[in-house]
Amino acid sequence: MEKPISIPKAKADPTAKSKVGSTIVLGVGIILAILFAASTAYSGMKAGLTVAAGIPGAIIGSAVIRAFARRQGYAGTNEMQGMASGGETIASGMIFVLPAVLLIGADINFFEAVLVGTMGVLFGIGTAAIVENHLIIASKDTLVYPEAMAIAETIRASANGGQGLKMMASGFGIGGFLTMITGSMFGWVNNHFVMYGAKDFKWKFELEVNPLLAGIGFIVGIQVALTMFAGSILANFAVVPLIGYFTDMAHGSAVLWNNSDAAIRGLAFDGIAGGYIRYLGAGMMLAGGIIGALRLIPVIGRSLKATLGGNEKKSKFGIMLLVFSIVATLVLGSIFSGNLLIGVIGGGLAMLLAFVFVVVAANLTGTLGTSNLPVSGMTIASLVLLTLLFVVMGWTSNFDTRSLLLLATFAVTAISTGGGYTQTQKATALMNADRPKMQRRFLLAGVLGTITVVGVIVLLANQLADVSENAAFALPQANLIATLTSGIITGKLPFTIIIIGAVIGVVLHLLKLPVMTVAIGFYLPMATTAIILVGALLRLAVEGKNKEANAERVQNGVSLSSGLIAGGSIIGLAGILLSVFGVLEHGTPTGFLASNAAPAILLAGLAIAILWVLRKKPATTRAKE
């Protein structure tokens, strides 16, 4: 993998000892953790949309530092963005599963759910802390952590100004404008290019003109982007057409396993993708996750040895959290389920799966960031195995299913926490700030986020339990989890598809291909991987043949991409909040603005704007001339 662009490290002010300033930073961090947890939970359950809070938190933090706590420096800004991320991260995971308890007709106990989520937070941080040094320090040349780089660049540019700030401002303007006029806010222009193949060969090409994803593509580079896109090609141009070939031969009244209104015979591309591809991808992720965790066993062993030897304070604190959460989860699982075997066996499997996928999530965040982390895919893979255990053990009552979903809530909270925590610590390392302190702040934010998210869900319980056509909350992820769980318990889930996906993952490993990166491309819509590839191709064009001569221009491109990510995330978040609170109503593109030509023009405009901003020769090149 190519060497990532390095961001100049910015040291915290060594004289920053003001207790007042420190208190202000902590107080604002707590407020941001609660606000982002609540807003993310609401918007995610309402429309299935969440936006990472790191960059918005960094910008808010920079403003607070300039106004009230200058002596806290970069470290103070980083602390606030980390706590904002901590609250948002919990919501981005917990809302996938916990509302499904309501969808099966059961109740959610506030204190019970808070304890389950808190154990997930402790377990996620504890597990990620064990491999933290390996992932963000020892692997700095292979794991880019694009959003962490964008966060660090945002903090540095907000304080220092200069060329980096100009590039970020340009990127923010480009990304914000495109996000504003498309579906994320006003919805005036269609930004989703899509083409379908003929009936006898059911392919689909799609691309979403999303500046945030284009910025990520520029930062991660061509190798990762191509590998992900290869997974999408495999899904859209090989596997779906193959399944479509056979579904066209189906006869009788057979229907799709998760949609009784969809006949197997003659399924279109989207029906095949929704019914099968997601579960093939989950199987691939399951195989990739286990393989990835096994490959990291030596790293985990070395980390544990160093920790027990007293050399790693961060890991030692993490192990304390991990041990406590393991014991507490086994005890609480037995109490909440009223069954010692569910607590020990079910809780044990939930923790084993969580451990595997926390390590995977922490690793994947180094490639994709948290905005595109496939938490739902890893959750599905975990839930399948957990539910199979429950079926084999005969734990199939409605109360047992509730216990199952609480264990899955623990797992998904741990997985999302692992990704968010590692990204925050990478940003902290880039800012040369105090990682042990950030570890404690992230823990605090995670616990506050758990309390907030559970509180929002309990307050809205009656509305969330509504499954009518005009329900106030869509709950896309929770509905999927409820359907999946029910499908396994009733024996209707296509287990063969998941097993085939796992076999494909093993084959990819034997071919020495990055299983999880290909699996992500397979699982995510091609619309996502295609725009990431466009961003990587733009970087390739900026680099040219002489990478050393164009290094400064590429660095400017990283700053510009950070602005694209910031503009896309902040304007996207604003659009979601204005929409869910009824302040703003999305428009519907019509005529030419609704056609495929509109996103094609937007894409050309985005590419031209990026290349035009980066058009100037680097200062080093001009000096030689």
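Residues numbered from 1 in each chain as written. Predicted model: local features only at pLDDT ≥ 70, side-chain atom pairs only at ≥ 80, totals over all residues. Heavy atoms only, no water.

Q: Got a minute to help me understand the environment of L560 in this structure?
A: Among the structural elements, L560 can be located in helix α22 (residues 551-580). A sequence separation of 393 residues divides L560 from M167, and the C-alpha atoms of the two residues are 4.7 Å apart. For L560, the residues in contact, after removing those within four places along its chain, are M167, S170, G171, I610, V613 and L614. (Helix = DSSP H or I, 4+ residues; strand = E, 2+ residues; numbered from the N terminus. Contact = heavy atoms within 4.5 Å.)

Q: Would you mind showing me how to read the pattern of salt bridges here?
A: Any two side chains of opposite charge can pair, on the condition that their charged atoms come close. Considering all chains together, one arrives at nine salt bridges under this definition. Across the pair K437 and E79 runs a salt bridge, and its minimum N-O distance is 3.4 Å. Of this pair, K437 sits in helix α16 (residues 435-459) while E79 sits in helix α3 (residues 73-94), and the two are 358 residues apart along the sequence. A residue is classified by how much of its surface remains accessible, and E79, at 7% relative accessible area, is buried. Between R539 and E543 there is a salt bridge, with the nearest N and O atoms lying 3.1 Å from each other. In this pair, R539 and E543 are both assigned in helix α21 (residues 526-543), four residues apart and thus about one turn of the helix distant. (Salt bridge = Lys/Arg side-chain N within 4 Å of Asp/Glu carboxyl O. Buried < 20%, exposed > 50% of the residue type's maximum accessible area, 1.4 Å probe, protein only.)

Q: When you look at the confidence of the model for the protein in this model, what are you seeing that I'm missing?
A: In low-pLDDT segments, the atomic positions of the prediction should not be examined closely. On average, residues of the protein score 84 in pLDDT, and 89% of them reach the 70 mark or higher. Averaged over each element, pLDDT in the protein is lowest for helix α24 (residues 619-624) (48) and highest for helix α23 (residues 597-613) (95). Confidence over residues 1-16 falls short of pLDDT 50; this stretch has 41 contacts with residues more than four positions distant or in other chains. Here residues 620-625 scores under 50 on pLDDT; set against residues more than four positions off or in separate chains, the count is five contacts. (pLDDT = per-residue confidence, 0-100.)

Q: Where do I start with α21 in this structure?
A: Side chains of residues three or four places apart in an α-helix project in the same direction, reflecting 3.6 residues per turn. Its 18 residues place the ends of α21 25 Å apart at the C-alpha level, agreeing with the 26 Å of an ideal helix rising 1.5 Å per residue. Counting buried residues in α21 gives 15 out of 18 residues, a clear majority hidden from the surface. G544 sits one or two positions beyond α21 and adopts a positive phi of about 65°. (Expected span 1.5 Å × (residues − 1).)

Q: Hey, could you run me through helix α8 (residues 211-220) in this one?
A: For α8, a buried count of ten out of ten residues is recorded, marking the element as mostly surrounded by other parts of the structure. Its side-chain oxygen placed 2.9 Å from the backbone nitrogen of L212, N210 serves as the N-cap of α8. The positive-phi residue at the C-terminal boundary of α8 is G221, with phi of around 90°. (Polar contact = N/O pair within 3.5 Å; in protein donor to acceptor, adjacent residues only side chain to side chain.)

Q: Would you mind going over the side chain of E206 with me for this structure?
A: With respect to the helices and strands, the residue E206 is situated in strand β2 (residues 204-208). The exposure class assigned to E206 is buried, which follows from its relative accessible area of 7%. The residues contacting E206, other than those within four sequence positions of it, are H192, F193, V194, P525, M526, A527 and A530.

Q: Would you mind going over the environment of I137 with me for this structure?
A: With respect to the helices, strands and loops of the structure, I137 is situated in helix α5 (residues 110-138). For I137, a relative accessible area of 38% gives the class partly exposed. Taking the C-alpha atoms as reference, I137 lies 8.2 Å from A429; in sequence the two are 292 residues apart. Setting aside residues up to four positions removed in sequence, I137 forms contacts with E132, A429 and R435.

Q: Would you explain the side chain of T428 in this entry?
A: Here T428 lies in helix α15 (residues 398-430). A relative accessible area of 0% places T428 in the buried class. Reaching out from T428, the side chain makes a polar contact with the side chain of N78 at a distance of 2.9 Å.

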